[in-house]
Amino acid sequence: MTLIAMLYSVVAFAKNSLITPPEGLAIDTYRFAATALENGYTETMAYDEQVKIGFNGDDAYILGLVRECPDEFWCKATKNEEGNYVIPANQYIGTREVWVYEFPYYMTAKNDEGGFEDIVLTLDETTMTFTTEQTVVLNGAASAWEPYLTFTNVSISLISEKAATPVTPQVSLFKADGDYPYASFDITNNGTNGEKLLSSKLYYTIWIEKDGQEQPLTLKKGTYVKLSEDMTEIPYIFTDNHDIFVHGEQVYLNQGIQKIATWTKIGIQSIYYGGGECLKSEIGWKQLQTPSSISTIADDQKRTGIYTLNGQRIETMKKGLYIVNGKKVIK
């Protein structure tokens, strides 16, 4: 190996080295709020996720910037002479593996000339809120622009834990036909009085009605290959990147089409363990067809085309997971 090649290897290794926080780092939960633009779309959306932040001297460690991997991928910011916290341009934070595919993640700001620049966060220590006027990008390449999400109006603020009753969630989509039956849920981490709930203490349970009896659905470890134990209360932030997706956006119903055909309702309930209490929402129900007519209605409900995991129909696929003609596809 030539000297130039050796130096390149060293630089590449350093570029892709994971950030490791110090042992025993005390962390708190913060709300990451911004206006976001997803790659491939033209309309922005309100972004409201939660991250963990811990301080060690002049360094701040941030966890959870990749929503699909809330317990992985640390980012590191260091206080400068002006008292601001700086994340180096296009800082590597980790690689997500989905089946045989790899998706690297980098955090950076984008300057007016379209180049990478450091993210500079200003901290208000009175409210413990970070802000920046920069355009911040969750990027997918080391030396080129492959944005997953582009953020503006970024604010990262400390969340105070308190007991609260979660808002009643809703079943946004139920698909009983095809090879992969699934349901999609609209679950928010908000309380009924406007409280912001800690995502790490929020769970949800799927309910079904069968033979006139309402009962919670237990996901079996033998049926869901990524589960190490049966699961009735599903953590809001849990995902196996296979059958169960974060925030309940998609849960594949591996109970068998014959059993699903006996259900007359499907519901979803939120459970919150914040503030030392366990408070539950009402169950948000969706009425299904009667068992005798499920096959006919299922035929009417068949969806051809390309859909995102939350059920939105699109014309073309970008990088990620999709439902194409009823089947899971990755690009």
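Here we summarise the structure given alongside this text.

Calculation notes
Residues numbered from 1 in each chain as written. Predicted model: local features only at pLDDT ≥ 70, side-chain atom pairs only at ≥ 80, totals over all residues. Heavy atoms only, no water. Patch = residues over 30% accessible without salt bridge, like charges linked within 9 Å, V, L, I, M, F, W, Y side chains within 5 Å. Areas by Shrake-Rupley, 256 points an atom, 1.4 Å probe, with all protein chains shown as cover. Salt bridge = Lys/Arg side-chain N within 4 Å of Asp/Glu carboxyl O. Helix = DSSP H or I, 4+ residues; strand = E, 2+ residues; numbered from the N terminus. Pairing = 2+ DSSP bridges. 1 Å grid on protein atoms, 1.4 Å probe; cavity = no way out; pocket = protein on both sides within 12 Å on 5 of 7 lines; lining within 4 Å. Points joined across faces, edges and corners; volume = space filled by probe spheres on them. Nonpolar A, V, L, I, M, F, W, Y, C, P; charged D, E, K, R; others polar. Phe/Tyr/Trp six-rings, centres within 6.5 Å; stacked < 30°, edge-to-face > 60°. Buried < 20%, exposed > 50% of the residue type's maximum accessible area, 1.4 Å probe, protein only. Core = buried A, V, L, I, M, F, W, Y, C linked by side-chain atoms within 4.5 Å. Contact = heavy atoms within 4.5 Å. Polar contact = N/O pair within 3.5 Å; in protein donor to acceptor, adjacent residues only side chain to side chain.

## Observations regarding a nonpolar patch on the surface
On the surface, Trp99, Val100 and Tyr101 cluster together to form a nonpolar patch covering roughly 350 Å² of accessible area. Within the secondary structure layout, Val100 lies in the loop between β6 (91-98) and β7 (101-110).

## Digging into the sheet that holds strand β18 (residues 251-252)
The strand order across the open sheet built from three strands is β13-β14-β18, with neighbouring strands paired in antiparallel fashion. Whereas interior strands pair on both sides, the edge strands pair on one side only; in this sheet they are β13 (170-175) and β18. As defined by bridge partners, strand β14 (residues 182-186) adjoins β18 across two bridges and the pair is classed as antiparallel. Across the sheet, the residue bridging to Ala183 is Val251, located in β18.

## Comments concerning empty space enclosed by the protein
Taken as a whole and judged by the stated rule, the model has three cavities of 30 Å³ or more. By volume, the largest cavity is sized at about 190 Å³. Taken together, 18 residues line the largest cavity, and the ones lying closest to its centre are Gln50, Val51, Pro70, Ser199 and Ile237. The biggest single contributor to the lining of the largest cavity is strand β2 (residues 45-56), with five residues. For the lining of the largest cavity, the residue count by class is six nonpolar, seven polar and five charged. Approximately 80 Å³ is the volume attributed to the second largest cavity. Around the second largest cavity sit Phe32, Ile62, Leu65, Ile87, Met107, Ile119, Leu121, Val136, Val154 and Ile156, which together line it. For the lining of the second largest cavity, the elements supplying multiple residues, two or more each, are β9 (119-124) and β12 (147-158).

## A closer look at the layout of surface pockets
By volume, the second largest pocket is sized at about 230 Å³. In this structure, the second largest pocket is lined by 14 residues; those nearest its centre are Leu217, Thr218, Gln255, Lys259 and Trp263. Of all the secondary structure elements, the ones that give two or more residues to the lining of the second largest pocket are β15 (202-210) and β16 (213-216).

## Remarks on the packing of aromatic side chains
Two numbers describe a pair of aromatic rings. These are the distance of the centres and the angle of the planes. The final tally for this structure, using the stated rule, is 17 aromatic pairs. On the numbers, 5.8 Å between centres and 80° between planes, the contact of Tyr85 with Phe130 is edge-to-face. With Tyr85 in strand β5 (residues 85-87) and Phe130 in strand β10 (residues 129-132), this pair connects stretches of sequence that are 45 residues apart. By the burial criterion, Tyr85 is buried, and Phe130 matches it.

## Describing the nonpolar core
Counting residues in each nonpolar core, the largest one holds 34 residues, and the members touching the most others are Phe32 and Phe151. With five residues, the top contributor of residues to this core is β12. Apart from the residues within four sequence positions on either side, Phe151 is in contact with Phe32, Ala34, Thr35, Ala36, Tyr47, Gln134, Thr135, Val136 and Leu138. Residues Ile159, Leu198, Ile208 and Leu227 belong to the second largest nonpolar core, which totals 30 residues.

## As for the environment of Ser184
Within the secondary structure layout, Ser184 lies in strand β14. A relative accessible area of 1% means that Ser184 is categorised as buried. Considered as a pair, Ser184 and Phe174 are 10 residues apart in the sequence and their alpha carbons are 6.5 Å apart. Engagement of the side chain of Ser184 in a polar contact is seen with the backbone oxygen of Glu249, the distance being 2.9 Å.

## Here we look at the pairing of strand β11 (residues 135-139)
For β11, a buried count of four out of five residues is recorded, marking the element as mostly surrounded by other parts of the structure. Bridge count for β7 against β11 is five bridges, and the pairing is antiparallel. Opposite Lys110, over in β11, you have Thr135 as the bridge partner. Looking at chain direction, β11 and β12 are connected through four bridges and run antiparallel. The partner of Val137 across the bridge, within β12, is Thr150.

## Regarding the pairing of strand β19 (residues 263-272)
Every regular strand shows the same layout, with side chains that alternate between the two sheet faces. A large share of β19 lies buried, amounting to 10 of its 10 residues. By the bridge criterion, nine bridges tie β15 to β19 in an arrangement that is antiparallel. Residue pairing across strands places Trp207 opposite Gly267, the latter belonging to β19. As judged from the four bridges shared by β19 and strand β21 (residues 284-287), these two strands associate in the antiparallel manner. Residue pairing for β21: Ile266 is matched across the bridge by Lys286. In this sheet, strand β20 (residues 279-280) lies alongside β19 in antiparallel orientation, the contact comprising two bridges. Residue Tyr272 lies in a different strand from β20, and its bridge partner there is Leu279. What sits between β19 and β20 in their antiparallel hairpin is a turn of six residues, with Gly275 showing a positive phi close to 65°.

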